[in-house]
Each structure stands twice: as structure tokens, then as C-alpha cells.
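# Residue-level structural notes
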Amino acid sequence: MIWIIGAVCMLIGLLGYTGLWRAWAKGGLSYWVFGLFWFGLGIVLVSIVLAMPDRPDWLFWVPATIALLGACSTWYLPPALTPPWFRALRRSWR
């Protein structure tokens, strides 16, 4: 059931990454939509790993780390992980 929350977060993030929804960007100062994508991806992957019957214990920590880093990326992402339209918006702001 939690994968639905992850999928919704990923959908919101994809709208931001593709540039279909740009109003949230606030002149290139906000990252939260991109963070939602990475957090949602981590949640979906955690759900998949937990559904696997015979998995090594360490495998859980890979998507859990992605989810944690995704939650942290709501405040900042390196420019390489942002789309070109967002980088252009940041350049025009400076």
C-alpha cells in the first residue's frame, strides 16, 4: 500500500522534472518537487524489495538510502540532478 504514496510522489516529481509544472520553482530557489521524485522512487523500491520472498538483508538498505537522500534533497540538489530548465532559471536569477 505504501507504494501508492511513493508513486504519487514520483508523479509530482516527474511533473517538475519535465517542466510541465514550473510554478513551484520560485525563481530557482526551491527543490522540494525534485526531492519528492527521489523520495518516491526510494519508497517504491523499498516496497518492491520488501515484497521479495528470499532477499538478502542488505538489499533493503539500498532503496532506503535512496529514500533518505530523496527526503534530504528537498532542500538542495546538485545541479547535475536538476533539469536544464531549472538550471537556466537559477542562472537568470543570479
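Here goes a summary of the coordinates provided. (Residues numbered from 1 in each chain as written. Predicted model: local features only at pLDDT ≥ 70, side-chain atom pairs only at ≥ 80, totals over all residues. Heavy atoms only, no water.)

## A closer look at the overall build of the chain
Stated formally: Numbering goes from the N terminus for both helices and strands, where a helix is a DSSP run of H or I of at least four residues and a strand is a run of E of at least two. The Shrake-Rupley method, run with a 1.4 Å probe sphere, supplies the accessible areas, and residue values consider only the shown protein chains as cover.
Within the chain, the regular secondary structure consists of four helices and zero strands. For the chain, the succession of helices and strands along the chain, N to C, is α-α-α-α. Judged by the C-alpha coordinates and their principal axes, the chain covers about 50 × 20 × 15 Å. Taken as a whole, the chain presents about 6,000 Å² of accessible surface, with 76% of it coming from carbon and sulfur.

## Looking at a nonpolar patch on the surface
How we decide: Only residues whose relative accessible area exceeds 30% and that form no salt bridge enter a patch; like-charged residues are grouped when within 9 Å of one another, and nonpolar side chains (Val, Leu, Ile, Met, Phe, Trp, Tyr) when within 5 Å. The rule for a salt bridge is simple: a side-chain nitrogen of Lys or Arg has to be within 4 Å of a carboxyl oxygen of Asp or Glu.
On the surface, a nonpolar cluster with roughly 500 Å² of combined accessible area is contributed by Leu-11, Leu-15, Leu-20, Trp-21 and Trp-32. Examined against the element boundaries, Trp-21 turns out to sit in the loop between helix H1 (2–18) and helix H2 (32–51).

## A short note on the packing of aromatic side chains
Going by this rule: Only centres within 6.5 Å qualify two rings of Phe, Tyr or Trp (six-membered ring in Trp) as a pair; their planes then separate them into stacked at under 30 degrees, edge-to-face at over 60, and tilted for everything else. Categorising residues by exposure relies on relative accessible area from a 1.4 Å probe, with only protein chains included: less than 20% of the type maximum marks a residue as buried, more than 50% marks it as exposed, and the intermediate range marks it as partly exposed.
This model, assessed by the stated rule, comprises 16 aromatic pairs. Note on Tyr-17 and Phe-34: the rings are 4.6 Å apart at their centroids and 40° apart in plane angle, and the pair reads as tilted. With Tyr-17 in helix H1 and Phe-34 in helix H2, this pair connects stretches of sequence that are 17 residues apart. Since its relative accessible area comes to 0%, Phe-34 is described here as buried. Each ring, one from Tyr-17 and one from Trp-38, has its centre 6.5 Å from the other, and the planes form 90°; the classification is edge-to-face.

## Considerations on the environment of Leu-69
Inspection of the secondary structure assignment puts Leu-69 in helix H3 (residues 61–72). Leu-69 sits in the exposed class, given a relative accessible area of 54%. In the structure, Leu-69 is positioned 31 residues away from Trp-38 in sequence and 7.6 Å away in space, judged by C-alpha atoms.

## Thoughts on the side chain of Ser-73
The test is simple: Throughout, a contact is declared for two residues whenever any of their heavy atoms are within 4.5 Å.
Secondary-structure assignment places Ser-73 in the loop between H3 and helix H4 (84–93). Classification of Ser-73 by relative accessible area gives buried; the value is 5%. Ignoring sequence-local partners within four residues, the contact set of Ser-73 consists of Tyr-31, Gly-35 and Trp-38.

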